[in-house]
Structures are given as C-alpha cells and as structure tokens.
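# Per-entry structural report
The chain contents come next:
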Amino acid sequence: MSLAPLSTDHSTELYDLARRYIPGGVNSPVRAFKGVGGNPLFFKAGEGAYLIDADDNRYVDYVCGWGPFILGHCHPAIINALQLQLKRGLGYGASTEAEVEIAEKICNILPSIESVRLVSSGTEATMSAIRVARGFTRRDKVVKFEGCYHGHVDSLLVKAGSGALTMGEPDSLGVPRAFTDLTYVLPFNDSDAVENLFARHGDEIACLIVEPVAGNMNLVPPQAGFLETLREVCDRHGSVLIFDEVMTGFRVALGGAQSIYNIKPDLTTLGKVIGGGLPVGAFGGRKDIMDCLAPDGPVYQAGTLSGNPLAVTAGLATLKEISKPGFYDQLGRQTQKLLAGLQQRADAAGVPFTTNQAGAMFGCFFSDEKTVSHFDQVMACNLDNFKTFFHTMLDNGIYLAPSAYEAGFVSAAHLDRELELTLDAAEKAFSAVASGNQ
Ligand SMILES: *Cc1c(COP(=O)(O)O)cnc(C)c1O
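Structural notes, computed from the coordinates. Note that this is a predicted model, so its numbers are computed, not measured.

## With respect to the sheet that holds strand β10 (residues 240-244)
Strands sit in the order β4-β12-β11-β10-β9-β5-β8 across an open sheet of seven strands; the sheet is mixed. In this open sheet, the two strands that pair with only one neighbour each are β4 (115-119) and β8 (183-186). On average, each strand axis in the sheet is inclined to that of its neighbour by 20°, with strand direction left out of account. Judged from the three bridges that link them, β10 and strand β11 (residues 267-270) form a sheet pairing that is parallel. Bridged to Ile242 within β11 is Leu267. Helix α3 (residues 97-109) rests against β4 and β11 of the sheet, and its axis sits at about 125° to β4. Those strands touched by helix α7 (residues 226-237) are β5 (141-145), β9 (205-210) and β10, and its axis lies near 145° from that of β10.

## A short note on the layout of surface pockets
A water-sized probe rolled over the atoms picks out the places where empty space is left. In this structure, the second largest pocket occupies an estimated 470 Å³ of space. Lining of the second largest pocket is provided by 22 residues; of these, Ala94, Ser95, Glu99, Ser306 and Gly307 occupy positions nearest its centre. Secondary structure elements with two or more residues in the lining of the second largest pocket: α3 and β4. Per-class residue counts for the lining of the second largest pocket are ten nonpolar, ten polar and two charged.

Conventions adopted
- Residues numbered from 1 in each chain as written.
- Predicted model: local features only at pLDDT ≥ 70, side-chain atom pairs only at ≥ 80, totals over all residues.
- Heavy atoms only, no water.
- Pairing = 2+ DSSP bridges.
- Helix = DSSP H or I, 4+ residues; strand = E, 2+ residues; numbered from the N terminus.
- Axes fitted to C-alpha atoms, helices over the stretch in contact; angles between N-to-C directions.
- Contact = heavy atoms within 4.5 Å.
- 1 Å grid on protein atoms, 1.4 Å probe; cavity = no way out; pocket = protein on both sides within 12 Å on 5 of 7 lines; lining within 4 Å.
- Points joined across faces, edges and corners; volume = space filled by probe spheres on them.
- Nonpolar A, V, L, I, M, F, W, Y, C, P; charged D, E, K, R; others polar.

The following block contains the structure:
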C-alpha cells in the first residue's frame, strides 16, 4: 500500500504480549484495529499534535485521545498545574475548593446547567443522568437514537428493533432483554418518528437522550428543526431532554452544541475535554431535577474518585485555556482548511468523498452522496476505500481513528505545518484508493 511502510515491530511484540493478559489485548475495543485490519500501535509519548509510537515513529494525531486533548499533548499549562497538585496529594476522599470552582465554571459556560455533579467517565455521567431523570419523572422508558453512543450503559446498548416503534434489542450479550425493553430506539434526524412515538407513548417516557451532533457514527450534524422537535415533544409530555455532550461539550464550541443550535436541554452530560486527558465526567442541568440526587433527594449516586483533585486540576487548566478569546475560531479555521484540502485531493484523484464539520470535529465519508445526514448513509460508505486510506495515512505518519465510524479531532497544536504533512500524505492515500478501485 505504502512505498516505505514504517517498522512497527515493537508495537507488534507488545500486542502479542498484551493479548496474553488483556482481553483482545486492549482496554477498550476500538483500539484493537478490528475496523481496519492489522495490528494496533502502542504509544509511548505525545507532544503537541504528535504521538510517538513504541518504535519511535511520529504521527500527526487526529484522535486526540478520542477528544480530550483539545490543547494537544502535554500542554504546559496542564502539566504545570498537575505538578503543583501532585505535591499536595492525589486525593482526600472529601471535598475540595477546586471542585466548587469547576462546578461554577461549568454552570457559567453552559447556562442550561444550574447544578452539576462530577463523576469519572462519560458512561457514568449518562448512566446517572438517566437515573435521575427516571427518579424525577417517576417513569421508566428511555428514548435513544440509532448510531448515537452514550457509553456502555446496559439499557443503552441497544439496537433498533425490527418494526417501527418497537422496543430495542440488546446490542451486546450480557444485557438482559428486560433492560432494553425499557428503551425505544429511533432513527437520528427523523422528527416524524419522534413525534409518532411520543404521540403514542409520551406519557411513559422518562427521558430522551441524544448526541446533539452525532459523533459516534462518524460525524452527523442535526438537520434543521430536529433538535427543536426533541425540545417540543419533551416539553409537551413532561419528559426530560438529555443532551449527551460528552464528545461535543467544549469541542464544537465552548458552550457545546447547545450553544450553537440554541436549544436548552434539561440535563447535559459531559466528559472527554472536561478532564483535559484525565478521567472526568459530569452531569448537570435543571436544579429541580438535580436536587433529586442523594444526599438531599431520593436518587442514589456516588463515586469514590468523583471530583478527584488531579482530574479536576487538569479540567480547570483546560477550561482556562479554551476560554481565551478566539480559541474556537482558530480551531474551526484549521479544521476547515484540513477538510477543504482533503476534498480537493480526493476530487483530483477521482475518489468519491465528502466531509462533515462541527467546530473542531470532523467526519470523512467515502460516499457518492454530497451530504451525509443519516445512519444508513454512514453505513453505506465504502469500507475498503476507508481501510486503504487509513493504512496509507498511517504509513505516512498520520494517525486517524482506526474505524470508519469515528469522528476526527483537531487540536490547538495542529498548525499549518501539521496540515501540510497531512495533506501530502492524503494525496498519496487518495491515489492508493483510486488505484485500488481500478
Ligand atoms: C465517549 C462517549 C461516551 C462515553 O464516555 P466514556 O468516558 O468512554 O465512558 C458517552 N457519550 C458520548 C457521546 C461519547 O462520545
């Protein structure tokens, strides 16, 4: 595929060893390269926009830790803040001033959040948000959308059932049917399906959870009116509207997707960027709902490491940097330049290709369609073309997510030099795709 494949022998050795002791050799499945073939890389360092693998190869990184490293790797503001905190201890199992500070900042940045609780992952955030929504409404049913991912919460590991308006089916062994019987799955960007479901079952629905910009089926922005419909039906039926902004929060804009589309959810879940690379999640929103949580209310939720001082320190340092004026304009411009450059090279090579962008998130589709706005369109993309593109990019020093269904991320460390390296590699990669198709 590539003229001079990189040597990745040490990564391969580590992977062989890892498979002896870790299921599938990885601690999270998408890392295993099953979506692209070949062996996964093992990394030992990150520097700005670059990752360095176990064999000392350097790559421009468009995974950015799956979103958190919006400032690039090892940003000095974060490292310095962490070094100070390290000397004061790793945690106390009790409250700290920094937790109050980050809670106040989150509430100021996202006006829909009046009260917020910290957890340690995005999964914990969505699981807890759903529990408090159920407790608040005293209802059991949940609505989610096909192609949206909300962490590995049992009741959300669901695929669409066979008929329209049926309950979902478990998408993983180990998830009892009884759990997913409480979950409805609808097509993303289909307002009619939402209206129909709520017309029949609205009064049983505790909450509707959605990625306001879908970032786990590649990248699919909401169509005009979709998020408005969700807000309307939830208002009409007293259901809680949850925006899962674990990926989009502080990523598509400082105030997340809700600030761009100007819709106020009842609850928001956060993760990824909010921890600056350390494990932090958060869920928050309307005070009357959040007040249902223990210790004041009857809905139980807790966490030994919740609000951990190191994690909160990294989060606060990140929030400070990304709140600087012009931060998102620069990120958006670089992302736009990258996508325009990719499109140009795809067109020149005659490869059917299109992109989506939301702030510093992007999606690449090997598709004949000019706009991709539905799950089925994402699923219909040419996987062979993606695999060829992915591996040629990798061999030329560009690290993309090893799956056609993941969004890409640009950080503040992705400057013109990194874009040039990327586009030079892309020229080769698109021509490899084109010659594979002859
Ligand atoms: C990543 C992600 C999650 C899960 O977060 P984890 O920290 O991996 O548990 C939930 N929702 C969305 C939208 C995500 O992108």
